[in-house]
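Residues per chain are reported as follows:
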Amino acid sequence: MSKKNRDEISAKWSPDLDSYVSGEMDASQIRCALCANAPCQCPEFGTPEYFALIERRHGK
C-alpha cells in the first residue's frame, strides 16, 4: 500500500477498547465508536441517518 493510500484510511475506535482488551470491562459496557453510547444507539445500518452520523463523526 502506498503512503498516499495509507494516509487516506481512517478509523474511529471506542475510547473503551483498551479497558475491554485488558479485561477491565465487559463488552456490553463498551461505548460505541460511532454514537459514543453504551450500549450502541446508532440508527439502523444503511439508513440516511446512519450515514449522516458517520459524516458528523468524521468531521465532514
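Here, the structure is the one placed above.
To start, this report covers the structure provided alongside it. (Residues numbered from 1 in each chain as written. Predicted model: local features only at pLDDT ≥ 70, side-chain atom pairs only at ≥ 80, totals over all residues. Heavy atoms only, no water.)

**Observations concerning the environment of Trp 13**
Next up, step 1: Looking at the secondary structure, you find Trp 13 in the loop between α1 (3–8) and α2 (17–21).
Next up, step 2: For Trp 13, a relative accessible area of 63% translates into the label exposed.
Next up, step 3: Along the chain, Trp 13 and Leu 34 lie 21 residues apart, while their C-alpha atoms are 8.3 Å from each other. (Helix = DSSP H or I, 4+ residues; strand = E, 2+ residues; numbered from the N terminus. Buried < 20%, exposed > 50% of the residue type's maximum accessible area, 1.4 Å probe, protein only.)

**Notes on the pattern of salt bridges**
Next up, step 1: A complete count under the given rule lists one salt bridge for this structure.
Next up, step 2: A salt bridge links Arg 31 to Asp 16; its shortest N-O distance comes to 2.7 Å. Taken together, the positions of Arg 31 in the loop between α2 and α3 (48–57) and Asp 16 in the loop between α1 and α2 put the pair 15 residues apart, joining distant regions of the chain.
Next up, step 3: On the accessibility criterion, Arg 31 (35% relative accessible area) is partly exposed.
Next up, step 4: A relative accessible area of 7% means that Asp 16 is categorised as buried. (Salt bridge = Lys/Arg side-chain N within 4 Å of Asp/Glu carboxyl O.)

**Some points on the state of the cysteines**
Structurally, a disulfide amounts to a covalent bond that connects the sulfur atoms of two cysteines.
Next up, step 1: Tallied over the entire structure, the rule returns zero disulfides.
Next up, step 2: Distance from the sulfur of Cys 35, which forms no disulfide, to the nearest cysteine sulfur (Cys 32) is 3.9 Å.
Next up, step 3: Accessibility expressed as a relative area gives 16% for Cys 35, which makes it buried.
Next up, step 4: Counting only cysteine sulfurs, Cys 40 is the nearest neighbor of Cys 42, a cysteine outside any disulfide, at a range of 3.5 Å. (Disulfide = S-S within 2.5 Å.)

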